[in-house]
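Coordinate analysis (summary)
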Amino acid sequence: MKLIEEIKKAEEKGEKFRKNAAIEGQNLIEKTREKGEKELADLDKTKDKLIENELIKAKKKIDAEVAKMDAQYEQNLKKIKDSYKKNKEKAIKKIQDLILKWPSSR
């Protein structure tokens, strides 16, 4: 009889261990899942920071290129205006010379 009682107690104890092991297993799975989710969130933050830094670098590069293009545009516009002014003055002088010479050519 004593042996049967010990076997029953051992079975009950084994059942408790099995239940506790299942609960502990679930707890470990939850902790691991939470840790994984936290690490994933940290990776997302890191990725976002890296993307933001790359965007800042790209914006600086673009701004520098736009500034160069604006400067080149201003130089070209100035050359065009100067050339127009010189050609206009030359054209006016030639027309004036033609007008002055016209009566004497008759």
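Residues numbered from 1 in each chain as written. Predicted model: local features only at pLDDT ≥ 70, side-chain atom pairs only at ≥ 80, totals over all residues. Heavy atoms only, no water.

Looking at an unreviewed UniProt entry, the protein carries the name V-type ATP synthase subunit H, with the source organism given as candidate division WOR_3 bacterium SM23_42.

**Quick notes on the overall build of the protein**
The helix and strand inventory of the protein stands at one helix and zero strands. Here the C-alpha atoms of the protein give a radius of gyration of 45 Å, more than 25% beyond the 13 Å that 2.2 N^0.38 yields for 106 residues. With respect to the three principal axes, the spread of C-alpha positions in the protein is 155 × 20 × 10 Å. Looking at the protein as a whole, 0% of its 106 residues are labelled buried. Taken as a whole, the protein presents about 10800 Å² of accessible surface, with 60% of it coming from carbon and sulfur. (Helix = DSSP H or I, 4+ residues; strand = E, 2+ residues; numbered from the N terminus. Rg over C-alpha atoms; globule rule 2.2 N^0.38 Å. Buried < 20%, exposed > 50% of the residue type's maximum accessible area, 1.4 Å probe, protein only. Areas by Shrake-Rupley, 256 points an atom, 1.4 Å probe, with all protein chains shown as cover.)

**Let's talk about the pattern of salt bridges**
In the structure shown here, the tally under the stated rule is seven salt bridges. A salt bridge links Asp42 to Lys38; its shortest N-O distance comes to 3.9 Å. One end of the pair, Asp42, and the other, Lys38, are both in helix H1 (residues 2-105), four residues apart, so they sit about a helical turn from each other. A salt bridge links Lys57 to Glu54; the nearest nitrogen and oxygen atoms lie 3.7 Å apart. You can see Lys57 and its partner Glu54 sitting in helix H1, three residues apart, about one turn around the helix. For Lys57, a relative accessible area of 54% translates into the label exposed. (Salt bridge = Lys/Arg side-chain N within 4 Å of Asp/Glu carboxyl O.)

**Focus on the UniProt feature "coiled-coil region" (unreviewed entry) in the protein**
Under the UniProt annotation, the feature "coiled-coil region" (unreviewed entry) is placed at residues 33-101. Each end of residues 33-101 is marked by a C-alpha atom, and these two atoms are 99 Å apart; helix forms 100% of the span and strand 0%. (UniProt positions renumbered as here; feature names shortened; annotations may be inferred.)

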